[in-house]
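Geometric and topological summary
Spelled out from the first residue to the last, the chains are:
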There are 2 protein chains.
Amino acid sequence: MARPASKRPTDTELEILNALWELGAGTVREVHEHLSQQRDMGHTTVLKVMQIMTEKGLLQRDESVRPQVFRASRTQAQTQKALVADLLERAFDGSPGNLVLQALTSRRTSPEERRKIQALLDRHEKGRR
Amino acid sequence: MARPASKRPTDTELEILNALWELGAGTVREVHEHLSQQRDMGHTTVLKVMQIMTEKGLLQRDESVRPQVFRASRTQAQTQKALVADLLERAFDGSPGNLVLQALTSRRTSPEERRKIQALLDRHEKGRR
DNA sequence: GAAAGTTGACGAATTCCTTCGTATTGACCG
DNA sequence: CGGTCAATACGAAGGAATTCGTCAACTTTC
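Since we're looking at a predicted model, the values are computed, not measured. (Residues numbered from 1 in each chain as written. Chains lettered and ligands numbered in written order. Predicted model: local features only at pLDDT ≥ 70, side-chain atom pairs only at ≥ 80, totals over all residues. Heavy atoms only, no water.)

A few words on the layout of surface pockets. Of the voids in this model, the largest pocket is the one considered here, and its volume is about 1800 Å³. Considering the residues around the largest pocket, the lining is formed by 50 residues, among which Arg3(A), Ser6(A), Thr10(A), Arg3(B) and Ser6(B) are closest to the centre. Residue assignment for the lining of the largest pocket shows that the elements contributing at least two residues are helix 1 (11-23), helix 3 (43-56) and helix 4 (76-91) of chain A together with helix 1 (11-23), helix 3 (43-56) and helix 4 (76-91) of chain B. Its residues assigned to classes, the lining of the largest pocket shows 20 nonpolar, nine polar and 21 charged. (1 Å grid on protein atoms, 1.4 Å probe; cavity = no way out; pocket = protein on both sides within 12 Å on 5 of 7 lines; lining within 4 Å. Points joined across faces, edges and corners; volume = space filled by probe spheres on them. Helix = DSSP H or I, 4+ residues; strand = E, 2+ residues; numbered from the N terminus. Nonpolar A, V, L, I, M, F, W, Y, C, P; charged D, E, K, R; others polar.)

All names here are of chain A. At their nearest, the axes of helix 1 and helix 2 (residues 28-36) sit 10 Å apart, and the two run at 110° to each other. In terms of orientation, helix 1 lies roughly perpendicular with respect to helix 2. Between helix 1, through Glu15, Ile16, Ala19, Leu20, Glu22 and Leu23, and helix 2, the contact on the second element is made entirely by Glu30, Val31, His34 and Leu35. The class makeup of the residues in the contact of helix 1 with helix 2 is six nonpolar, one polar and three charged. (Axes fitted to C-alpha atoms, helices over the stretch in contact; angles between N-to-C directions. Parallel < 35°, antiparallel > 145°, perpendicular 65-115°, else oblique. Contact = heavy atoms within 4.5 Å.)

With that out of the way, let us pick up the side chain of His32(B). All names here are of chain B. With respect to the helices and strands, histidine 32 occurs in helix 2 (residues 28-36). For histidine 32, a relative accessible area of 16% translates into the label buried. Contacts of histidine 32, omitting those with residues within four sequence positions, involve Met41, Gly42, His43 and Val46. (Buried < 20%, exposed > 50% of the residue type's maximum accessible area, 1.4 Å probe, protein only.)

All names here are of chain A. Of note, the amide linkage connecting arginine 66 to proline 67 takes the cis form, showing an omega dihedral of -5°. Residue position: proline 67 is located in the loop between strand 1 (59-62) and strand 2 (69-72). Residues other than glycine seldom take positive phi values, yet aspartate 93 does so here, at roughly 55°. Within the secondary structure, aspartate 93 sits in the loop between helix 4 and helix 5 (96-104). Accessibility expressed as a relative area gives 72% for aspartate 93, which makes it exposed.

The final tally for this structure, using the stated rule, is 17 salt bridges over all chains. Of the charged contacts in the structure, one is a salt bridge between Lys56(B) and Glu13(B), with a shortest N-O distance of 2.7 Å. Of the two residues, Lys56(B) is situated in helix 3 and Glu13(B) in helix 1; the sequence distance between them amounts to 43 residues. The class for Lys56(B) is partly exposed, based on a relative accessible area of 43%. Among the ionic pairs, Arg90(B) bridges to Asp86(B), the shortest N-O distance being 2.7 Å. Of this pair, Arg90(B) and Asp86(B) both sit in helix 4, four residues apart, which is roughly one turn of that helix. Because the salt bridges share partners, they merge into one network encompassing Asp11(A), Lys7(B), Arg8(B), Asp86(B) and Arg90(B). (Salt bridge = Lys/Arg side-chain N within 4 Å of Asp/Glu carboxyl O.)

This brings us to the environment of Glu89(B). Residue placement: Glu89(B) occurs in helix 4. Residue Glu89(B) is classed as partly exposed on the basis of its relative accessible area, which comes to 48%. If sequence neighbours within four positions are ignored, Glu89(B) has contacts with Arg108(A) and Gly94(B).

The next subject is the domain arrangement of chain A. As a measure of interface size, the accessible area lost when the parts come together is often cited. The domains assigned to chain A are domain 1 (11-72) and domain 2 (92-125). The straight-line distance from the C-alpha centre of domain 1 of chain A to that of domain 2 of chain A is 32 Å. (Domains from an automatic or database assignment.)

Our next topic: the relation of the copies chain B and chain A. Note: a rotation about an axis with an accompanying shift along it relates these two copies of the chain. Overlaying chain B on chain A yields an RMSD of 0.1 Å, the required transformation being a rotation through 180° with an accompanying axial translation of 0.0 Å. Classification of the inter-copy transformation places it as that of a two-fold axis. Looking at the rotation axis and the C-alpha trace of chain B, the residue lying nearest is Val100(B), at 3.1 Å. Comparing interface residues between copies, 100% of those in chain B also lie at the interface in chain A; the contact surface is shared. (Least-squares fit on C-alpha atoms with pLDDT ≥ 70 in both.)

Attention now moves to the protein's contact with DNA strand D. Ala2(A), Arg3(A), Arg66(A), Gln51(B) and Gln68(B) are the nearest of the 29 residues found near DNA strand D. Among the atoms of DNA strand D lying within 4 Å of the protein, the sugar-phosphate backbone contributes 64%. The separation between a base nitrogen of DNA strand D and a polar side-chain atom of Arg3(A) is 3.5 Å. At a separation of 3.1 Å, a phosphate oxygen of DNA strand D approaches a polar side-chain atom of Arg61(B). When residues of the surface near DNA strand D are traced back to their parent elements, those giving at least two are helix 3 of chain A together with helix 3 of chain B. Partitioned by chemical class, the residues of the surface near DNA strand D number nine nonpolar, ten polar and ten charged. (Near = heavy atom within 4 Å. Polar contact = N/O pair within 3.5 Å; in protein donor to acceptor, adjacent residues only side chain to side chain.)

The structure is reproduced here in structure tokens:
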């Protein structure tokens, strides 16, 4: 009669993952400073979330050094793919086309982005990868 | 010092929205039956969630009839677009290209889907919409 | 080596979400 | 009308998520 832990990283967790992907790896302090540029969070709050993320397996922790160094367990691409697959499943009936449609009509999609997408599509059309 | 209500519909809420979009509008019973095909949820549970969704503004309720009829406040397309924009912001640094890349490399993307996407791109390339 | 500063562990407080049990209200039938 | 059944409201239970305060442990610096 309870709520199951979210399969996806939460918003806060994702922000920390973004920081770690950019840093490669980092201490709580480094992550906190990175986040502070956009977000107002206490140092211990970041630490706590990162501890929980480590328990969940989202982060790896090197305890042999002080301060401890954290890194993401999965790559950004792996996580992004999982998030897209999840959203596809939950909100787009599994049809990537519908999802891409909404992405294309986003205000964020510049002609440049569109060319980028076209290039991706071409690469898929002729052969692999 | 607490948790803010999620800006996005939760998983359960999205399932109910999916049902209502497909039904057009429906009673709790109809939604429950629709959901029962994939999910095991009590009748009152569905009702409760739908009540909360109504409070949140996600659903509109016609109380003049019995049983009450609910419908989604926003269209599927509107919601999908918001979800994509949100994911774009949180996990793809605002770049639709990166998102589409992950969508394209999804196992769910058949050649047929790819053609569909190509058609969308073409439509965007030449002119409006 | 003691003081001062960092870092990390722990747990509390609070709200949200999911799930129902129970109670109340409303509608229909006889 | 009163009874019955469905529909709705109410509220509670309990785990998840977010945020810190507090204190202990460890480092660095005089």
